[in-house]
Amino acid sequence: MPSTEAPQNAPEVLVLPTMTEVPQGPDGAPLGDDAADIVLVPVAGDGREEQLVALAFTSVPALVEAIGEKQPWVILATQQVRKALGGSGATAVLVDPQQPVGGERRSTRG
C-alpha cells in the first residue's frame, strides 16, 4: 500500500469486515494474536487494471448499513490497519463506501 499519512480527522479505530467470525474482546478488537481474514474486493484502478482494496467503516452501524447485520467484523486501531494488511496485496483502504459492494470477495490473514 502506498505510504500516506492519516488525515488529522481520521478516526481512532476502523471496523473491518472479515470472512469469518473472529474471537473479540469487549471493544471488538481481536483477542490475542489470532489472525482475521479481512475482506478485500477487486476494483478497477486508474489504468483500468484490477486492484485489491480493503473495506473499512468508521462505525459498526455504517458497516451494517452497507453490508448487512450478518457480516462478521473486527475493530482495529486505524494505525494498525496498514500492518494488518501487510502482504495481502491490498493497494488501498476504502473507508465508508456508499455504494453496495459487489463482485468477488477475497481475504487476507490480518
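Residues numbered from 1 in each chain as written. Predicted model: local features only at pLDDT ≥ 70, side-chain atom pairs only at ≥ 80, totals over all residues. Heavy atoms only, no water.

Looking only at helices and strands, the chain features two helices and six strands. Start at the N end of the chain and walk to the C end: the helices and strands fall as β-β-β-α-β-α-β-β. Looking at the chain residue by residue over its 110 residues, the buried ones come to 33%. The contacts of the chain with a sequence gap of at least 6 include a subset with a gap of at least 24, amounting to 73%. In the structure as shown, the chain presents an accessible area of about 7000 Å², 48% of it carried by carbon and sulfur atoms. (Helix = DSSP H or I, 4+ residues; strand = E, 2+ residues; numbered from the N terminus. Buried < 20%, exposed > 50% of the residue type's maximum accessible area, 1.4 Å probe, protein only. Contact = heavy atoms within 4.5 Å. Areas by Shrake-Rupley, 256 points an atom, 1.4 Å probe, with all protein chains shown as cover.)

Within the secondary structure, Leu16 sits in strand E1 (residues 13-17). The exposure class assigned to Leu16 is buried, which follows from its relative accessible area of 1%. In this structure, the C-alpha to C-alpha distance between Leu16 and Phe57, residues 41 residues apart in sequence, is 6.4 Å. Setting aside its immediate chain neighbours within four residues, Leu16 contacts Ile38, Leu55, Ala56, Leu63, Pro72, Trp73, Val74, Leu76 and Val81.

Within the largest apolar cluster, 15 residues are counted, with the highest numbers of intra-cluster contacts made by Leu16, Ile38, Leu40, Val74, Leu76, Val81 and Leu85. Among the secondary structure elements, those contributing two or more residues to this core are E1, strand E2 (37-44), strand E3 (50-56), strand E4 (73-77) and helix H2 (78-84). Per-element accounting of this core gives the leading share, three residues, to E3. Counting residues in each nonpolar core, the second largest holds seven residues, with Val39, Phe57, Leu63 and Ile75 among its members. (Core = buried A, V, L, I, M, F, W, Y, C linked by side-chain atoms within 4.5 Å.)

A few words now on the confidence of the model for the chain. Taken over all residues, the pLDDT of the chain has a mean of 81, while the share at 70 or more is 79%. Considering only residues more than four positions removed or in separate chains, one finds that residues 1-5, a stretch of pLDDT under 50, has ten contacts. (pLDDT = per-residue confidence, 0-100.)

The next point concerns the side chain of Gln71. Checked against the element boundaries, Gln71 lands in the loop between helix H1 (60-67) and E4. Accessibility expressed as a relative area gives 8% for Gln71, which makes it buried. A distance of 2.7 Å separates the side chain of Gln71 from the backbone oxygen of Thr18, its partner in a polar contact. (Polar contact = N/O pair within 3.5 Å; in protein donor to acceptor, adjacent residues only side chain to side chain.)

So, on to the side chain of Thr18. On the secondary structure map, Thr18 appears in the loop between E1 and E2. Assessed through its relative accessible area of 1%, Thr18 is described here as buried.

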